[in-house]
Amino acid sequence: MAAVEARVNGAVAKMSVIPPSPGVVATTMALYPVKSLPPFDEMVLGAVLFRAQELFNNGERVLYFCNANIRDFGPTSGNALGAADAACGLQYLSDFKVP
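Residues numbered from 1 in each chain as written. Predicted model: local features only at pLDDT ≥ 70, side-chain atom pairs only at ≥ 80, totals over all residues. Heavy atoms only, no water.

Focus on the layout of surface pockets
Applicable threshold: Note on definitions: the grid is 1 Å and covers protein atoms alone; a cavity is a set of points where a 1.4 Å probe fits but cannot get out; a pocket is an open set with protein on both sides within 12 Å along at least five of seven lines; lining residues have an atom within 4 Å of a point. Grid points are joined across faces, edges and corners, and a volume is the space filled by probe spheres set on the points. Think of it this way: any DSSP run of H or I at least four residues long counts as a helix, any run of E at least two long counts as a strand, and we number them from the N terminus. Any residue outside Ala, Val, Leu, Ile, Met, Phe, Trp, Tyr, Cys, Pro, Asp, Glu, Lys and Arg is labelled polar, Gly included; the first ten of those are nonpolar and the last four are charged.
By volume, the largest pocket amounts to about 670 Å³. Contributing to the lining of the largest pocket are 20 residues, with S16, I18, V48, R51 and Y64 lying nearest its centre. Of all the secondary-structure elements, those providing two or more residues to the lining of the largest pocket are helix 3 (39-57) and strand 1 (63-66). Sort the elements by how many residues they give to the lining of the largest pocket and helix 3 lands first, with 8 residues. Counted by class, the lining of the largest pocket contains 17 nonpolar, 1 polar and 2 charged residues.

Observations concerning helix 3
The line we're drawing: Expected span of a helix: the number of residues minus one, times 1.5 Å. Whether a residue is buried, partly exposed or exposed follows from its accessible area with a 1.4 Å probe, protein chains only, as a fraction of its type maximum: under 20%, in between, or over 50%, in that order. Pairs of residues are marked as contacts when any of their non-hydrogen atoms sit within 4.5 Å.
Its 19 residues place the ends of helix 3 27 Å apart at the C-alpha level, agreeing with the 27 Å of an ideal helix rising 1.5 Å per residue. Along helix 3, the residues classified as buried are D41, E42, L45, G46, A47, V48, L49 and A52. On its buried face, helix 3 sits against helix 2 (22-31), strand 1, helix 4 (70-73), helix 5 (81-87) and strand 2 (90-93). G59 sits one or two positions beyond helix 3 and adopts a positive phi of about 100 degrees.

Note that every value here comes from positions in space, so none of it alone points to a role or purpose.
Here you go:
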């Protein structure tokens, strides 16, 4: 149990909060001009894409978004997520197996 707690604490130490800034809101609204997901899900995607773009602009080239909810978060031909992910170098993973 202590090993699991140490791994969780290690992962949490590397996390950062992405506040709902004007840039995050603008990214969200550009991606979802017509409401299609629950508002929290839309804001999560907007925040992830906004932060990924910041990191990409600063030279990061290995960026992943891991989420098992493929239905809402996975890029498909029916949504703009694939192009949005590609624009900022973000790779979507439907599991947490980061290469």
